[in-house]
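What follows is the residue order along each chain.
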Amino acid sequence: FPHVPGIYNGQQVEAWKKIVDAVHAKGSIIFCQLWHVGRASHSRNFHHPMHFPFLSPFIEIFYLLILTNEIVYQPGGAAPISSTSKPLSNRWRILMPDGSYGIYPKPRALQISEIPEVVQHYRTAALNAIRAGFDGIEIHGAHGYLIDQFLKDGINDRRDEYGGSLANRCKFLMQIVGSVAEAVGADRIAVRISPAIDHLDATDSNPLNLGLAVIERLNELQLKLGSKLAYLHVTQPRYHAYGQTESGRHGSEDEEAHLMRTLKRSYEGTFMCSGGFTRELGMQAVAEGDADLVSYGRLFISNPDLVFRLRINAPLNRYIRKTFYTQDPVVGYTDYPFLVSKGQRGTGTGTVSALPSGYALFSHMFCSLTETENQKTFRPKKNAPSGSKVGVLVPFLLFLFRVLAFVKRVFGGAKLQKHIDATLGSGNLREAVRLPPGEDINEWLAVNTVDFFNQVNILYGTLTEFCTANNCPTMSAGPKYEYRWADGVTIKKPIEVSAPKYVEYLMDWIEAQLDDEAIFPQKLGAPFPPNFRDVVKTIFKRLFRVYAHIYHSHFQKIVNLKEEAHLNTCFKHFVLFTWEFRLIDKGELAPLSDLVDSILQL
């Protein structure tokens, strides 16, 4: 397809290194999915009328093809290759460069003599991926693409050694896996299959037998090599695409569970599954032994912080399918909102394209472009859908905010935003907290107050099942410090309340301040009230008390959740900001004085 990132030449290897390094810098791992579409392509060439010199080098990493005048599906306009010469049915359409959809053309069945060349291309792509720094590769043998076109008897109509019997239909896949394993090592290879999925007409008369045949051969290869593969990735029959469930046979849930469990028990290694998983279904699959790992694709595209959201059971952004295949540098992958600003923030026989396995890449590589875009005109909302344990940003409002932020950037405004992008996103916290030259201090305080409110809200949300009225009957920061609640309006005299009740009162009160246009003006250029700084100081003083309670009462839980690095970074940012603008008296910081002093290096 046009604009698909490749991994078949040196220029692409160098470009991928920047992306892989960005993922590793976030403490994560990244596999490169090797993907040859086979007949799911087109034979036409399209001439593009212009270059795109305004694209940044970062975006050009992904869209090397748009820098040429000619957008090519197949070299020389040749027919796509496959196991067969049968085209896809009219049920399916291919996305054209102009946004329209066309009919898939008739493919060309590979000659036996050509197959070793394709196998070599997979081997070369795998070696390139390792040179680029990827931790491993996933061979995409699923969803109706080239390898699946050999595996499925609904497509493969060959009468030679690559068609007919299960052994023959598995031969192409096993040659690829064997060659790649020899080149980079079996433990750096994963294989993806979808025996029960009919995406792109990829049907099989007996999906269970097909899956077992592949697994039998992978087990034999692992035994021969004396090493396990990284994992086997199988797509569930309930896989959804284009708004409909797709599977070769629409059986009952029991039948589908039987298929997956049979495959899981048969495979001698790590078993990953994917396809229509929710948080609850994923947890259930692992708990009941139906999977060792669960993969999320589309939800990871629309939720760059998906792991964090799943951990705290927060609401998820809905994905927008029409932007799944966009090359737009602004609308699409990079504009889905985070819960909170963390403040750290192909073609022909000669092409094997590369996709980030599970698409998890986008949650890491684009974080610096998205997680610090806050403006005073955006206000958080604490109310979340039923079942949520933590207040979150309203996705629709955040979407509107991002549109406004982009327009302001394009037309020369949003100096504050540029400053945040240049400092906070780079990890330079001391520089990030300083007032940008020429900017209004109240505007700067308002922008950051929203950020810190959301940070603390989310951090505390990870602890709601531990911080209960029974466990924390008083809001305290160790034995010497106890906090009582009063808002001066509904509760005028300080009262003793449990920690969760105190935080509830506090978050409701802060939200009320942020929503009050007399205090936090919604319109740009509107004046701030004379007591604005006093309100901000009270907000920050009370937010500090939540940090103090977390550190004194729940730090071990934070460590168990592996969130201590995030907590410490957020608190450091908070302390540096409050100290820069003298928002909290030194005496109020006493419960965490040692930690504060170490941050400030006093």
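Under the annotation held in an unreviewed UniProt entry, the chain carries the name NADH:flavin oxidoreductase/NADH oxidase N-terminal domain-containing protein and is attributed to Gossypium lobatum. As its UniProt record puts it under Cofactor (unreviewed entry), the chain is described as follows: "FMN". Of the chain, the UniProt comment under Sequence similarities (unreviewed entry) reads exactly: "Belongs to the NADH:flavin oxidoreductase/NADH oxidase family."

Undergrad: Sorry if this is basic, but what is going on with helix α7 (residues 253-266) here?
TA: Counting along an α-helix, one turn takes 3.6 residues, and residues three or four places apart therefore face a common direction. Here α7 spans 20 Å end to end across 14 residues, near enough to the 20 Å set by a 1.5 Å rise per residue. For α7, the set of buried residues is Glu-256, Leu-259, Met-260, Thr-262, Leu-263 and Lys-264. Against the buried residues of α7 lie α6 (207-225), β10 (231-235) and β13 (271-274).

Undergrad: Which parts of the structure should I look at to understand unusual backbone geometry?
TA: Only a minority of non-glycine residues have a phi that is not negative, and only a minority of peptide bonds are not trans. Residue Lys-562 is not a glycine yet carries a positive backbone phi of 60°. Relative to the helices and strands, Lys-562 is located in the loop between α19 (555-560) and α20 (564-580).

Undergrad: It is not clear to me how the side chain of Arg-309 should be interpreted in this structure. Could you clarify?
TA: Among the structural elements, Arg-309 can be located in helix α10 (residues 306-312). Discounting chain neighbours no more than four positions away, the residues touching Arg-309 are Asn-303, Ala-314, Pro-315, Leu-316, Asn-317, Pro-337, Phe-338 and Leu-339.

Undergrad: What exactly am I supposed to notice about the nonpolar core here?
TA: Within soluble globular proteins, side chains that are nonpolar tend to cluster in buried spots. With 65 residues, the main nonpolar core has Ile-139 and Phe-172 as its most contacted residues. Split by domain, the residues of this core number at least three in each of domain 1 (10-41 + 110-295) and domain 2 (297-338). Beyond its immediate stretch of four places on either side in the chain, Phe-172 contacts Ile-115, Val-118, Val-119, Leu-146, Ile-147, Phe-150 and Tyr-162. In terms of nonpolar packing, the next biggest core, distinct from the first, is built from 59 residues, Leu-429, Ala-446, Tyr-502 and Leu-600 among them.

Quick notes on the rules
Residues numbered from 1 in each chain as written. Predicted model: local features only at pLDDT ≥ 70, side-chain atom pairs only at ≥ 80, totals over all residues. Heavy atoms only, no water. UniProt positions renumbered as here; feature names shortened; annotations may be inferred. Helix = DSSP H or I, 4+ residues; strand = E, 2+ residues; numbered from the N terminus. Expected span 1.5 Å × (residues − 1). Buried < 20%, exposed > 50% of the residue type's maximum accessible area, 1.4 Å probe, protein only. Contact = heavy atoms within 4.5 Å. Core = buried A, V, L, I, M, F, W, Y, C linked by side-chain atoms within 4.5 Å. Domains from an automatic or database assignment.

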